[in-house]
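Examining the three-dimensional arrangement
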Amino acid sequence: MATSLFIALFGILGVALAGQRTLVLVDNLSVRETHSTFFRTLKSRGLELTFKSADDASIALVKYGEWLYDNLVLFSPSVSEFGGGINARTIVNFIDEGGNVLIAASPDIGDPIKEIASECGIDFDEEGTYVIDHLNYDISDEGKHTLLVADPKDLLDAEIMIGAARKGKPILFRGVGMVADPENPLVLDVLRASSTAYSFNPDKPIDEYPHAVGRKTLLIAALQARNNARVTFVGSLDFFSDDFFASAVQRVRAGLKDDRSGNEQLASALAQWVFKEKGVLRVGEVRLHHPGERGVFDPNRGAEGRQMADIQWQGCPAGVRPNRSVRPPDDDAEG
């Protein structure tokens, strides 16, 4: 009885342990080299990485009804159709079953990535668009003002998710913008663009209102679903690249130069969060007893003890105590 009660409470609290099996889908296998520092960091923390091209016909997420991976990295923004037996709906189902997903987009974004994002309350701009900022770009920008320098103070104030990046160095970003569904309370605005930014195709005249403008323009967003699955969207594949990790940063007009961007620090923290390496409730022991007593809790004692409100909880934070009835087992139920 004690064992089954502990297992039930474990499930109620939604406690999840970090999984290691990680499938990485890329547009081109050369990404393994151009983004090697990021992948090396993941491996050093114990993640088991399996690389495949996103259109590889052998891709499978499920076998005999069991998920083959705990985490999914989609560094394949331009994929128009996934290979094997998966599609956008398969990946949404993976999230619904508690899987964690890290997605990097780009201006070459294809429909599958946009569809997955839409299901999570994120709306990416159209293919060919960039986030543009005429006041906050790097001096190495090629003239379109799309190589942005993001202020770390524009990061979400949540150390459990971004580590110390808010106090770190400026962040380089070149990619597609997104906006969050205001009706979805589970979406987190991790990194906003500045008030002077907007999303549009830099090669076209602005003849309509941009998809995203100012602070509503998101560069990074995240979602923690009600089943504790975690998803992170980054609008820039370049954000994770070795070049951006090692690049010096100097905002135009600002004069001050940092010898290295804050990208690596932020990327590492985001990966730790999305793959549940941190920020996860872990309950070592939960004990129940009736008010004023120290004996073993007996769910058969009648209505007095069947409500969680009548139970003294030890070892469980008040904010995560289940709010549901404890029902006695059926007479014919086994141990």
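Below is a short write-up of the structure. (Residues numbered from 1 in each chain as written. Predicted model: local features only at pLDDT ≥ 70, side-chain atom pairs only at ≥ 80, totals over all residues. Heavy atoms only, no water.)

1. Points about the overall build of the chain
Helix and strand counts for the chain stand at eight helices and 19 strands. Counting over 335 residues, the chain shows a buried share of 49%. Roughly 16600 Å² of accessible area belongs to the chain as shown, and the carbon and sulfur atoms make up 46% of that amount. (Helix = DSSP H or I, 4+ residues; strand = E, 2+ residues; numbered from the N terminus. Buried < 20%, exposed > 50% of the residue type's maximum accessible area, 1.4 Å probe, protein only. Areas by Shrake-Rupley, 256 points an atom, 1.4 Å probe, with all protein chains shown as cover.)

2. Section: the packing of aromatic side chains
Per the stated rule, a full pass over the model turns up nine aromatic pairs. Ring geometry for F38 against F75: centres 5.9 Å apart, planes inclined by 25°, an arrangement best described as stacked. With F38 in helix 3 (residues 36–44) and F75 in strand 5 (residues 71–75), the pair connects residues that are 37 residues apart, well separated along the chain. Owing to a relative accessible area of 0%, F75 belongs among the buried residues under this scheme. Positioned above the aromatic ring of F51, the side-chain terminus of R32 is 4.5 Å from the ring centre. (Phe/Tyr/Trp six-rings, centres within 6.5 Å; stacked < 30°, edge-to-face > 60°. Lys NZ or Arg CZ within 6 Å of the ring centre and 35° of its normal.)

3. Points about helix 5 (residues 111–119)
Residues spaced three or four apart along an α-helix face the same direction, because each turn holds 3.6 residues. Buried within helix 5 are the following residues: P112, I113, K114, I116 and A117. Among the structural elements, strand 5, helix 4 (88–96), strand 6 (100–104), strand 7 (122–124) and strand 15 (230–234) are those in contact with the buried residues of helix 5. Of the residues flanking the end of helix 5, it is G121, one or two places downstream, whose phi is positive at about 85°. (Contact = heavy atoms within 4.5 Å.)

4. Let's talk about the packing of helix 4 against helix 5
Running from N to C, helix 4 and helix 5 cross one another at 35°; their axes reach a closest spacing of 9 Å. Crossing of helix 4 over helix 5 shows right-handed handedness. Listed contacts from helix 5 to A88, R89, I91 and V92 of helix 4 are P112, E115, I116 and E119. A breakdown of the residues in the contact of helix 4 with helix 5 according to their chemical character gives five nonpolar, no polar and three charged. (Axes fitted to C-alpha atoms, helices over the stretch in contact; angles between N-to-C directions. Left-handed = near helix turned anticlockwise from the far one by under 90°. Nonpolar A, V, L, I, M, F, W, Y, C, P; charged D, E, K, R; others polar.)

5. Quick word on the pairing of strand 14 (residues 218–224)
Looking along a regular strand, one sees the side chains alternate between the two faces of the sheet. Burial analysis of strand 14 places six of its seven residues in the buried class, the great majority of the element. Bridge count for strand 12 (residues 187–192) against strand 14 is five bridges, and the pairing is antiparallel. The residue bridging V187 from the neighbouring strand is L223, located in strand 14. Alignment of strand 14 against strand 15, held across five bridges, turns out to be antiparallel. Residue pairing in the sheet places I220 in a bridge with V234 of strand 15. Counting the residues that bridge the hairpin from strand 14 to strand 15 gives five residues, and of these N228 lies at a positive phi of roughly 75°. (Pairing = 2+ DSSP bridges.)

6. Looking at the side chain of T129
Relative to the helices and strands, T129 resides in the loop between strand 7 and strand 8 (130–133). Overall, the relative accessible area of 8% leaves T129 in the buried class. Within the local environment of T129, its side chain forms a polar contact with the backbone oxygen of E126, the two atoms lying 2.6 Å apart. Not counting residues up to four positions away in its chain, the partners in contact with T129 are P107, G175, V176, S199, F200 and N201. (Polar contact = N/O pair within 3.5 Å; in protein donor to acceptor, adjacent residues only side chain to side chain.)

7. Notes on the pattern of salt bridges
Here the structure, examined in full by the defined rule, presents 10 salt bridges. The salt bridge involving D259 is made with K169; its shortest N-O contact spans 2.8 Å. Taken together, the residues D259 in the loop between strand 17 (257–258) and helix 8 (263–274) and K169 in the loop between helix 6 (159–162) and strand 10 (171–173) connect sequence positions 90 residues apart. Owing to a relative accessible area of 57%, D259 belongs among the exposed residues under this scheme. Looking at K169, the relative accessible area reads 34%, which means it is partly exposed. R260 is the partner of E264 in a salt bridge, and the nearest nitrogen-oxygen pair spans 3.0 Å. Taking the relative accessible area as the measure of exposure, E264 reaches 26% and is therefore partly exposed. (Salt bridge = Lys/Arg side-chain N within 4 Å of Asp/Glu carboxyl O.)

The quantities given are spatial measurements derived from coordinates; they are silent on function.
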